[in-house]
Amino acid sequence: MGISVRNVTKRFGSFTALDNVSLEVEPGALVALLGPSGSGKTTLLRVIAGLEEPDTGEVFFDGEQTTHVPIRQRNVGFVFQHYALFKHMTVRENIGFGLTVRKRDKAEIAERASELLDLIQLQGLANRYPSQLSGGQRQRVALARALAAEPRVLLLDEPFGALDAKVRKELRDWLRRLHDKVHLTSLFVTHDQEEAMAVADQIVVVNKGRIEQVGTAEEIYNRPATPFVMSFVGPVNVLRAGNPLANSAQVRNEETGAVFIRPHDVLIVPQAGEGTVPAVIDRIINMGWDIQVDLTMEGDHTLAVRLTREEFQSLERQVSLRVGQSVYICPRAVHTFADYVI
């Protein structure tokens, strides 16, 4: 089912949570609403769900006007960050709750609950209570409950926010595989850029109540539309006016006021060459697959560089990499934005 949000504005008192927002979601897509706290992403999700009514603008499901349709009639599945499971109900009863409220036949409820227990791979835990489950298991049950009534769209508000990093990664991988099976139009809210890039077909970057960019992970990361997207999605160095590396890139800095460069888009070389800039190593940080090298250039300008282990080891065979070592750097790619001044 496709979703269309057109010119939606939502205010809470004097605070504008959504400012003339428009968005098109293709049928069957898995979309991430990505942004910092207070950006408006959860408000947008709640407007689509019918939990909030916009001050102006419209929402359509498959071309059907749903702006003022009550949430019960929209047939959406909603998953909250903190599970919201009923403590006095078993896993099976929690999953079947929505169908029970709809007064479905007991045999149908039991069959649907068993089907979803298989889908979330918790067949052996049907008679346990939420307190007897791990956080990841509880979130799977919450997702199964949202799917039980066969919603037209699935909406998830920071679904993995209450979980530790390892479980988050496991569940986001599982959600991606689940979506590939059911192909249900789904939107999930997150402030975790890695999570959005790993799971979503499309990412909607939200900031200060507006949509900054919509695109794939590759488009958002490699072709950011605004300085905010560049700085929010992925690590970045901001080279201010007078930075020698910006000058070496032959970037005219008078209008932009800044140059943006990803840490992995900087080369470290052992000898001076055309376009290189001298720098001194301040710190070397082993981050697993990546090695981060923090540098200082002339004028106390600092820079972070990311190398793969292979790149680092290859460079070490040419020059001794240690704190205080002098090296040379040059950019492989830079980004600038017209009229952006720091």
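Note: the structure precedes this text.
Cut-offs applied
Residues numbered from 1 in each chain as written. Predicted model: local features only at pLDDT ≥ 70, side-chain atom pairs only at ≥ 80, totals over all residues. Heavy atoms only, no water. Core = buried A, V, L, I, M, F, W, Y, C linked by side-chain atoms within 4.5 Å. Buried < 20%, exposed > 50% of the residue type's maximum accessible area, 1.4 Å probe, protein only. Helix = DSSP H or I, 4+ residues; strand = E, 2+ residues; numbered from the N terminus. Contact = heavy atoms within 4.5 Å. Pairing = 2+ DSSP bridges. Axes fitted to C-alpha atoms, helices over the stretch in contact; angles between N-to-C directions. Parallel < 35°, antiparallel > 145°, perpendicular 65-115°, else oblique. Left-handed = near helix turned anticlockwise from the far one by under 90°. Nonpolar A, V, L, I, M, F, W, Y, C, P; charged D, E, K, R; others polar. Expected span 1.5 Å × (residues − 1).

*Asks:* Explanation requested: the nonpolar core in the structure shown.
*Replies:* One broad trend across soluble globular proteins is that nonpolar side chains are buried collectively. The biggest cluster of nonpolar side chains holds 47 residues, and the ones touching the most others in it are Ile 95, Val 141, Leu 143, Leu 154, Ile 203 and Val 233. The greatest single-element share of this core, amounting to seven residues, is contributed by helix H5 (residues 135–148). Not counting residues up to four positions away in its chain, the partners in contact with Val 233 are Leu 34, Gln 193, Met 197, Val 205, Ile 220, Tyr 221 and Arg 262. Met 1, Val 5, Val 8 and Val 204 belong to the second-largest nonpolar core, a separate cluster that totals 26 residues.

*Asks:* Explanation requested: unusual backbone geometry in the structure shown.
*Replies:* Leaving glycine aside, a negative phi is the common case for residues, and trans is the common case for peptide bonds. Positive phi outside glycine occurs at Gln 121, with the angle close to 60 degrees. Gln 121 gets classed as partly exposed once you look at its relative accessible area, which sits at 48%. For Asp 300, which is not a glycine, the phi torsion comes out positive at approximately 60 degrees. Overall, the relative accessible area of 67% leaves Asp 300 in the exposed class.

*Asks:* Is there a simple way to think about the pairing of strand S4 (residues 56–61) in this case?
*Replies:* For a regular strand, the rule is simple: side chains alternate between the two faces of the sheet. Both strand S1 (residues 3–12) and S4 contribute to a ladder of five bridges, which runs antiparallel. When the bridges of S4 are listed, Val 5 appears paired with Val 59. In this sheet, strand S5 (residues 64–65) lies alongside S4 in antiparallel orientation, the contact comprising two bridges. Bridge assignment links Phe 61 to a residue of S5, and that residue is Glu 64.

*Asks:* Even after reading the chapter, I still don't get the packing of H5 against helix H6 (residues 165–182), so can you show me in this structure?
*Replies:* When two helices pack together, their arrangement is given by the angle between their axes and by how far apart the axes lie. Running from amino to carboxyl end, H5 crosses H6 at an angle of 25 degrees, the nearest separation of the two axes being 10 Å. Between H5 and H6, the crossing angle belongs to the class labelled roughly parallel. Between H5 and H6 lies a crossing of right-handed hand. Contacts from Gly 136, Gln 139, Arg 140, Leu 143 and Leu 147 in H5 reach Val 167, Leu 171, Trp 174, Leu 175 and Leu 178 in H6. In terms of residue class, the contact of H5 with H6 is made up of seven nonpolar, two polar and one charged.

*Asks:* I would appreciate a short explanation of the sheet that holds S1 in the present structure.
*Replies:* By definition, the strands of a sheet pair up through backbone hydrogen bonds, in either a parallel or an antiparallel sense. Pairing in this open sheet of four strands is antiparallel, and the strands run S2-S1-S4-S5 from one edge to the other. Since the sheet does not close on itself, it has two edges, and those belong to strand S2 (15–25) and S5, each with one partner.

*Asks:* It is not clear to me how H5 should be interpreted in this structure. Could you clarify?
*Replies:* Residues that lie three or four places apart on an α-helix share one face, since the helix turns once every 3.6 residues. Taking 1.5 Å per residue, 14 residues should reach 20 Å; H5 reaches 20 Å between its end C-alpha atoms and fits that length. For H5, a buried count of twelve out of 14 residues is recorded, marking the element as mostly surrounded by other parts of the structure. Taken together, the buried positions of H5 are occupied by Gly 135, Gly 136, Gln 139, Arg 140, Val 141, Ala 142, Leu 143, Ala 144, Arg 145, Ala 146, Leu 147 and Ala 148. The elements touched by buried residues of H5 are strand S6 (76–79), helix H3 (91–101), helix H4 (106–119), strand S7 (153–157) and H6.

*Asks:* Where do I start with the sheet that holds strand S14 (residues 277–286) in this structure?
*Replies:* If you trace the five strands from one edge of the open sheet to the other, you get S13-S17-S14-S15-S16, paired in antiparallel fashion. Two strands close off the open sheet at either side, each with one partner strand: strand S13 (266–269) and strand S16 (301–308). On average, each strand axis in the sheet is inclined to that of its neighbour by 45 degrees, with strand direction left out of account. When S14 meets strand S17 (residues 326–331), the two strands line up antiparallel, connected through four bridges.

*Asks:* How do you make sense of the pairing of strand S8 (residues 186–190) when you look at a structure like this?
*Replies:* Where burial is concerned, most of S8 is hidden: five out of the five residues are buried. The two faces of S8 match: Ser 186, Phe 188 and Thr 190 on one face and Leu 187 and Val 189 on the other face are all buried. Bridge count for strand S3 (residues 30–34) against S8 is five bridges, and the pairing is parallel. Bridge pairing in S8 links Leu 33 to Val 189. Sheet analysis places S7 next to S8, joined by four bridges and oriented parallel. Bridging across to S8, Leu 156 finds its partner in Phe 188.

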